[in-house]
Amino acid sequence: MSLSIRISPQLALRQSLEINLGQVISIKPELKISLTLYKEREGICTKLYKDALKKGNVRQYEGHGMTFEFALVSIKDVPEFIYKQCGHAFSHCLMSGWDALLGGQRYARSRGSWLLFVIHDMYPEMPEKAIEYVAVHERGEMVTLGDHNLASKLEFAIAAKENKLRWYMNWIEVNCPASFADVFSYQVHLDLPDTEKMRDALEVFQSSEEAELVLNMIEEFEWPYSVLQRLSKYKKVSDEVAGIISRAISSAESYVSSSLRVVQITTSVDAMVKETLHEIVERGFKQYVSIARVGDLWRKQLISLDTKFAEVLTNKQQLLGLSVYIDELGEAGNPNSLGLPLDFAEMLALL
Ligand SMILES: [Zn+2]
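Residues numbered from 1 in each chain as written. Predicted model: local features only at pLDDT ≥ 70, side-chain atom pairs only at ≥ 80, totals over all residues.

Q: Summarise the packing of helix α14 (residues 291-320) against helix α15 (residues 322-331); cite the residues concerned and give the values.
A: In contact at an axis separation of 7 Å, α14 and α15 are set at 135° when each is read in the N-to-C sense. One finds that α14 runs oblique with respect to α15. Of the two elements, α14 crosses α15, and the hand of that crossing is right-handed. Where α14 abuts α15, its residues Lys316, Gln317 and Leu320 lie against Leu322, Val324, Tyr325 and Glu328. (Axes fitted to C-alpha atoms, helices over the stretch in contact; angles between N-to-C directions. Helix = DSSP H or I, 4+ residues; strand = E, 2+ residues; numbered from the N terminus. Parallel < 35°, antiparallel > 145°, perpendicular 65-115°, else oblique. Left-handed = near helix turned anticlockwise from the far one by under 90°. Contact = placed C-beta atoms within 7 Å.)

Q: I'd love a proper account of unusual backbone geometry, names of residues and values included.
A: Even without being glycine, His64 reaches a positive phi, approximately 50°. Residue position: His64 is located in the loop between β1 (58-63) and β2 (66-73).

Q: Just give me the short version of the pairing of β1, but keep the residues and values in it.
A: Counted residue by residue, β1 has zero buried out of six residues, so it is predominantly exposed. Direction of pairing for β1 relative to β2: antiparallel, over a ladder of six bridges. Among the inter-strand pairings, Val58 is bridged to a residue of β2, identified as Ala71. In this structure, the hairpin formed by β1 and β2 is closed by a connection of two residues, where His64 is found at a positive phi of approximately 50°. (Buried ≥ 20, exposed ≤ 12 C-beta atoms within 10 Å, placed from the backbone. Pairing = 2+ DSSP bridges.)

Q: Lay out the sheet that holds strand β4 (residues 114-119) in plain terms, naming residues and giving numbers.
A: The sheet built from four strands is open, its strands ordered β1-β2-β4-β3 with mixed pairing. The sheet terminates laterally at β1 and β3 (89-93), the two strands that pair on one side only. Averaged over all neighbouring strand pairs, the angle between strand axes comes to 30°, with direction disregarded. Bridge count for β3 against β4 is five bridges, and the pairing is antiparallel.

Q: Can you explain the environment of Pro127? Please cite residues and give values.
A: When you line up the elements, Pro127 lands in the loop between β4 and α6 (128-143). Residue class for Pro127 comes out partly exposed when judged on the 14 C-beta atoms lying within 10 Å of it. Each C-alpha atom of the pair Pro127 and Tyr168 lies 9.8 Å from the other, and the pair is 41 residues apart in sequence.

It is worth stressing that arrangement in space is one thing and function is another; only the former is reported here.
Here you go:
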């Protein structure tokens, strides 16, 4: 058997997945969050950090050229919107801490203007190393300006340097398969306000010694073939689920645009969508699907379906006359949408 034949499928897989990574290298953070929201988030994060300091729950990370602090927090103290969006680790760049950040050296020695958090009890009995690696991921988000895939690469590069990659991948797969499925998704979860000052501050951070070192580690790290195989399996599941979602929505569409009574439309759509999506459960996809990857698709398609439904209601009102229309609407419980959750994780929980 020729050696080149034996390694070629490995190379092919590596190439195709590395292309995925290559595409995101150029992605900058979505500087989209409003200043007001950002300051609100800042209030929450600052309080969480101060409380953690008081309880002695702020840890120092030192290794592989990185020095930073992170706070261990409990899920009961973290607002739902944060961990729903970010999972079990998140960070915040302090607006009021620009001076320290721009101070360069001072920044390198201190916690700088970044607050890093790991939710230590989001999964039962998180091992120390799993906590450390996810903190490194958050550090990577900063260095790469919010690139989740590159931050993942750093997280796993460090695990590999410590000969713990296999152990760590297994731990993630067993305890938080959704994170495993998200490794190759295009999620950006470092929300920053769109201001020039903030961008300047980030650029200063990007040119720091640590950032250079981290970017090198990311560049040098190669996913082991066995890991890529597993990631590719997860990617396939997400692609299949995307197909199932599209099928569910298009079969629901035929009910929405039919001449059925409102109550029949809503109950039929509900039943039809749940029945179609149930395939996700039947085929054992539920725990392997990447919400980051398919959640957006679901939201967009559902919004368009709800918009059609709203149009149908308007037409009905004109066609039936107000009093008959009000009766028909009342019979259906006065819906203003089809009532399916926009959040795909919530939808999955109903199946
Ligand atoms: Zn991330």
